[in-house]
Amino acid sequence: MKLAVVIVPTIASTDAPCSALSVIYTPEGVFESYLILPKNPDLVLVDTEVVAKAPARLLVAGMGDALATWFEADACAKASAKNMPGGNASQAALALARLCYDLLIECGKRAKLAVEMNVATEDVEKVVEANTLLSGLGFESGGLAAAHAIHNGLTALEETHHYYHGEKVAFGTLVQMIMENRSTEELEEVLEFCVSVGLPVTLEQIGVTEISPEKIRKVAEMSCAEGETIYNMPFPVTPDLVYNAIMAADAIGKDFLAK
Ligand SMILES: [Zn+2]
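Position labels on residues start from 1 in each chain and follow its written sequence. The model is predicted, so local features are restricted to residues of pLDDT at least 70 and side-chain atom pairs to those at 80 or more, both for listing and for counting; the totals for chains, interfaces and linings are taken over all residues. The side-chain quantities take in all heavy atoms of the structure and omit both hydrogens and water.

(A) Main features of a nonpolar patch on the surface. Together, Val-6, Val-8, Leu-43 and Leu-45 give the surface a local cluster of nonpolar side chains, amounting to about 360 Å² of exposed area. The numbering of helices and of strands both runs from the N terminus, where a helix is a DSSP run of H or I of at least 4 residues and a strand a run of E of at least 2. By the element assignment, Leu-45 lies in the loop between β4 (43-44) and α1 (48-53). Each patch is built from salt-bridge-free residues with over 30% relative accessible area, joining like charges within 9 Å and nonpolar side chains (Val, Leu, Ile, Met, Phe, Trp, Tyr) within 5 Å. Values of accessible area rely on a 1.4 Å probe in the Shrake-Rupley scheme; residue burial ignores everything except the protein chains shown. Salt bridge, as applied in this entry: a Lys or Arg side-chain nitrogen positioned within 4 Å of an Asp or Glu carboxyl oxygen.

See below:
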């Protein structure tokens, strides 16, 4: 109807509010498609006092969604892949995505502790900005890659439906990092962050208690569906590569938790 749109999120659990994108799921919770909207909202208004009174797990899930932003934008930049509206990513988009990541690492744990007490602090302000604005601008202008495609694949498993988008995206980020063969230092920084705020690092932590090759293959194949953002990675991607990376990420997550 071409009307002005004002969004007032009362939680900061995804980067959807600032974007011109809606994710369509089936009534059962399986990813169906991305709906690209004609424009971004005219105003997004977040009251951090309200966000701080919501369950802490929701803010943490938002951090999981925001965690992927830098890694996906970076992968798109390396591949010269198009961003969400089909343009080229600017240096500004990459800088926003990186700031998003840096704020999570710096303030994430402290923000989580504050909202557990239902209070808004400077850390909460910064994390809400990272989760809502920076991640939103970052993914839309920088582009999505493997982390979100793996999230979409994970929705094929019914047992993951009780876990939030950002929780599955956090695990998808770990899988993407394995696909990219990122350094131990980078991987451990992300693992440490996830564990410190309570984001999942294993399949079991997103509800997949019984892991079978058939199930993981289904996830890998759905992650590689035609038109998926996984093809924005700077190397050829096959379901085999994704399958191997999921299994390895799970093992690495388990190993990290056992330390
Ligand atoms: Zn997301």
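(B) Representation of the nonpolar core in the model. The set of buried Ala, Val, Leu, Ile, Met, Phe, Trp, Tyr and Cys residues whose side-chain atoms join them within 4.5 Å is what this entry labels a nonpolar core. A simple rule labels every residue: compare its accessible area, found with a 1.4 Å probe on the protein chains alone, to the largest value its type can have, and call it buried under 20%, exposed over 50%, or partly exposed in between. Within the largest apolar cluster, 66 residues are counted, with the highest numbers of intra-cluster contacts made by Leu-59, Met-63, Leu-67, Phe-171, Met-179, Ile-230 and Val-242. When residues in this core are grouped by element, the largest group, eleven residues, is from helix α2 (residues 56-79). Leaving out residues up to four positions away in the same chain, Met-63 has contacts with Leu-104, Gly-108, Lys-112, Val-127, Asn-131, Phe-193, Val-197 and Leu-199. Only heavy atoms matter for contacts: two residues are in contact if any of them lie within 4.5 Å across the pair.

(C) Focus on the coordination of the zinc ion. Water is not part of the atom set, so a site may look incomplete; the donors themselves are N, O and S atoms within 2.8 Å of the metal, or 3.2 Å for Na, K and Ca. Looking at the metal site, the zinc ion is ligated by Asp-65 (OD), His-148 (NE2) and His-165 (NE2), spaced 2.0 to 2.1 Å from it. Between consecutive donor residues of the zinc ion, the sequence gaps follow D-x82-H-x16-H. Placement of the pair is Asp-65 in helix α2 and His-165 in helix α6 (residues 165-179), with a sequence separation of 100 residues. Note on accessibility: Asp-65 and His-165 belong to one class, buried.

(D) Structural view of the environment of Val-50. Inspection of the secondary structure assignment puts Val-50 in helix α1. Spatially, the C-alpha atoms of Val-50 and Thr-10 are 6.0 Å apart, while their sequence positions differ by 40 residues.

(E) Structural view of the pattern of salt bridges. Following the criterion strictly, the structure yields 14 salt bridges and no others. A salt bridge links Lys-112 to Glu-116, with the shortest nitrogen-to-oxygen separation between them at 3.4 Å. Remark: Glu-116 and Lys-112 occur in helix α3 (residues 91-116); sequence separation between them is four residues, near one turn of the helix. With its nearest N and O atoms 3.2 Å apart, the salt bridge here joins Lys-254 to Asp-250. Here Lys-254 and its partner Asp-250 are both found in helix α9 (residues 239-258), four residues apart, which amounts to about one turn of the helix.

(F) Region of the structure containing unusual backbone geometry. Of note, Ser-80 is a non-glycine position whose phi angle comes to about 50 degrees, a positive value. Considering the arrangement of structural elements, one finds Ser-80 in the loop between α2 and α3. With relative accessibility at 61%, the residue Ser-80 sits in the exposed group. Phi at Asn-181 takes a positive value of approximately 55 degrees, unusual for a residue other than glycine. With respect to the helices and strands, Asn-181 occurs in the loop between α6 and α7 (184-197).

(G) Quick peek at the packing of aromatic side chains. Aromatic pairing here means that ring centres of Phe, Tyr or Trp (its six-membered ring) are within 6.5 Å. Orientation follows from the plane angle: under 30 degrees is stacked, over 60 is edge-to-face, and everything else is tilted. Using the criterion set out here, one finds two aromatic pairs in the structure. With a centroid separation of 5.0 Å and 65 degrees between ring planes, the pair formed by Phe-31 and Tyr-34 is classed as edge-to-face. For Phe-31, a relative accessible area of 12% puts it in the buried group. Aromatic pair Phe-71 and Tyr-101: ring centres 5.3 Å apart, planes at 85 degrees, arrangement edge-to-face. Linking Phe-71 in helix α2 with Tyr-101 in helix α3, this pair joins segments that are 30 residues apart in sequence. Residue Tyr-101 is classed as buried on the basis of its relative accessible area of 3%. Sitting over the ring of Trp-70, Arg-98 keeps its end group 5.0 Å from the ring centre. Distance and angle both matter: a charge sits over a ring if NZ of Lys or CZ of Arg is within 6 Å of the ring centre and within 35 degrees of the ring normal.

(H) Fine view of the packing of α2 against helix α5 (residues 146-154). Axis angles are defined between N-to-C directions and span 0 to 180 degrees, where every axis is a line fitted to C-alpha atoms and, for a helix, only to the segment in contact. Running from amino to carboxyl end, α2 crosses α5 at an angle of 135 degrees, the nearest separation of the two axes being 8 Å. Our classification of the angle between α2 and α5 gives oblique. Contacts from Asp-65, Ala-68 and Glu-72 of α2 reach α5 at Ala-146, Ala-147 and His-148. Each residue is assigned to one of three groups, with Ala, Val, Leu, Ile, Met, Phe, Trp, Tyr, Cys and Pro labelled nonpolar, Asp, Glu, Lys and Arg labelled charged, and all others, Gly among them, labelled polar. A per-class count over the contact of α2 with α5 returns three nonpolar, one polar and two charged. These descriptions rest on fixed angle ranges, namely under 35 degrees for roughly parallel, over 145 for roughly antiparallel, 65 to 115 for roughly perpendicular, and the rest for oblique.

(I) Here's a closer look at the pairing of strand β3 (residues 31-36). As paired strands, strand β2 (residues 21-25) and β3 are joined by five bridges and run antiparallel to one another. In the strand pairing of β3, Ile-24 is matched with Ser-33. Hairpin connection, β2 to β3: the antiparallel pair is bridged by five residues, and Gly-29 has positive phi, about 100 degrees. For two strands to be treated as a pair, DSSP must find at least two bridges joining them.

Geometric values such as these leave the question of function open.
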